[in-house]
Amino acid sequence: MEIQRVVRDLVTTKRNFWLAAKSLRVVEDHKGQLSVALDPVGCKPGDFVITIGISAARLAAGNPKITTDLTIGGIIDDWSEAEWRS
Amino acid sequence: MEIQRVVRDLVTTKRNFWLAAKSLRVVEDHKGQLSVALDPVGCKPGDFVITIGISAARLAAGNPKITTDLTIGGIIDDWSEAEWRS
Amino acid sequence: MEIQRVVRDLVTTKRNFWLAAKSLRVVEDHKGQLSVALDPVGCKPGDFVITIGISAARLAAGNPKITTDLTIGGIIDDWSEAEWRS
Amino acid sequence: MEIQRVVRDLVTTKRNFWLAAKSLRVVEDHKGQLSVALDPVGCKPGDFVITIGISAARLAAGNPKITTDLTIGGIIDDWSEAEWRS
Amino acid sequence: MEIQRVVRDLVTTKRNFWLAAKSLRVVEDHKGQLSVALDPVGCKPGDFVITIGISAARLAAGNPKITTDLTIGGIIDDWSEAEWRS
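Calculation criteria
Residues numbered from 1 in each chain as written. Chains lettered and ligands numbered in written order. Predicted model: local features only at pLDDT ≥ 70, side-chain atom pairs only at ≥ 80, totals over all residues. Heavy atoms only, no water. Contact = heavy atoms within 4.5 Å. Buried area = accessible area lost by both parts, 1.4 Å probe. Salt bridge = Lys/Arg side-chain N within 4 Å of Asp/Glu carboxyl O. Polar contact = N/O pair within 3.5 Å; in protein donor to acceptor, adjacent residues only side chain to side chain. Helix = DSSP H or I, 4+ residues; strand = E, 2+ residues; numbered from the N terminus. Nonpolar A, V, L, I, M, F, W, Y, C, P; charged D, E, K, R; others polar. Phe/Tyr/Trp six-rings, centres within 6.5 Å; stacked < 30°, edge-to-face > 60°. Buried < 20%, exposed > 50% of the residue type's maximum accessible area, 1.4 Å probe, protein only.

A. Summary view of the interface of chain C and chain A. Listed by partner, the interface residues are 26 residues for chain C and 24 residues for chain A. Of the roughly 2,100 Å² buried between chain C and chain A, counting both surfaces, carbon and sulfur atoms make up 55%. Looking only at chain C, the three residues that lose the most surface to chain A are Arg8, Lys14 and Asp69 of chain C, adding up to 27% of its buried area. We note a salt bridge from Glu83 of chain A to Arg8 of chain C, for which the minimum N-O separation is 2.7 Å. Run the count over chain C and chain A and you get 9 residue pairs in polar contact (both at pLDDT 80 or more). Contributing elements (two or more residues each) for the side of chain C that touches chain A: strand E2 (12-15), strand E3 (24-28) and strand E4 (34-38) of chain C. Here the side of chain C that touches chain A takes 5 residues from E4 of chain C, the largest share from any one element. Taken together, the residues of the side of chain C that touches chain A break down into 12 nonpolar, 8 polar and 6 charged.

This is the structure we're talking about:
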């Protein structure tokens, strides 16, 4: 799993059926590299989160039919930007 | 998932049976790195899209027998090149 | 598998059900790049470990329903920082 | 999928049973980085091909028991080195 | 698959049950980057090998319950360091 930070929501109109029912968030890693993650937890911009990839991402979405390769698995309590960027 | 932009179509004559029935697009990431994605959505060059990898790519293609490792999952409504390259 | 070193524990309050029952560790690779791994072995900070990714991470967790993409598979007996950084 | 170019054949004597029945090719990406791909299509050195990774590689090999993580999915008709290196 | 070279054996005392029955080797890629691979073939330091990743690594181990994400698939007959580093 990776430590990422939520940047903002992402809105798509034409999209795959199995993604449509869930919230998508733009997340960034410690270098500012952006990805898109499914959010079954309920995060807000600025939260430090654990993101889960590979086939575990579908399980973490609560339904293996959901076509995600990256899912937010939890909000980290004790993480600071200083620790992340070092 | 990653945020990519559609560059152009890709034509192959000799190809794997399970890829043959679907449109393929060349997509680029924010650094201009090229990949090839299956397109079940119907995109045109210049569209910003979400691409889905890993085993979820096969599910997103609408048929897990389709031999893709990257599938376009949706067209993003609210994304600009400035936001992408920053 | 990769050779990584355990940095510290990670505490999350809001998290995915299948991650909740297991210990999470922050691990670093030889460049200091951080990741988060599930620990079914029982490691302490400073241990050099083998981390297992991909779908094997779920099997290594002892339960394929556990939503991890990185799991500690063992503690390495004979590894030094000099060998790692070279 | 990635766009790669076939470099040459690869000969191995001691190898895994499920790889033994198929041709292996050394392929390179646009930076000259080498990988090894299974070739169920029939390529020759210099061909630009689409390579398929992840679990789809096994399906593309025509038999999911074949232990490949990279399989050639088709020969690209309309691709030039100029387009690739840009 | 990737072309890697066997560096040395790896000894772990506390480890995952499904890894315990098999030999582990430290392997390096053409940049000297280290990984750990399961060896069902029987390699010695200095051998150039094909390594298999993703879910195929478990199949190549001879038992899909073995929790590996990288397995040696064969020893390459005709490979030299010059070809590798170029």
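B. Focus on the environment of Gly74 of chain E. Residue position: Gly74 of chain E is located in strand E6 (residues 70-76). Sequence separation between Gly74 of chain E and Val7 of chain E is 67 residues; the distance between their C-alpha atoms is 15 Å.

C. Molecular detail of the packing of aromatic side chains. Residue and element names in this part refer to chain D. Under the definition given, this model contains 5 aromatic pairs over all chains. Look at Phe48 and Trp84: their rings are 5.0 Å apart centre to centre, the planes differ by 85°, and that puts the pair in the edge-to-face class. Of the two residues, Phe48 is situated in strand E5 (residues 48-53) and Trp84 in helix H3 (residues 81-85); the sequence distance between them amounts to 36 residues. Residues Phe48 and Trp84 agree in their burial class; the two are buried.

D. Region of interest: the interface of chain B and chain D. Contact residues are listed per partner, giving 26 residues for chain B and 24 residues for chain D. For the chain B and chain D pair, buried surface summed over both sides reaches about 2,100 Å², with 55% attributable to carbon and sulfur atoms. Among the residues chain B hides against chain D, the three largest losses belong to Arg8, Lys14 and Asp69 of chain B. Together they make up 26% of the total. On the surface where chain B and chain D come into contact, there are 2 salt bridges.

The analysis is restricted to geometry; functional conclusions fall outside its scope.
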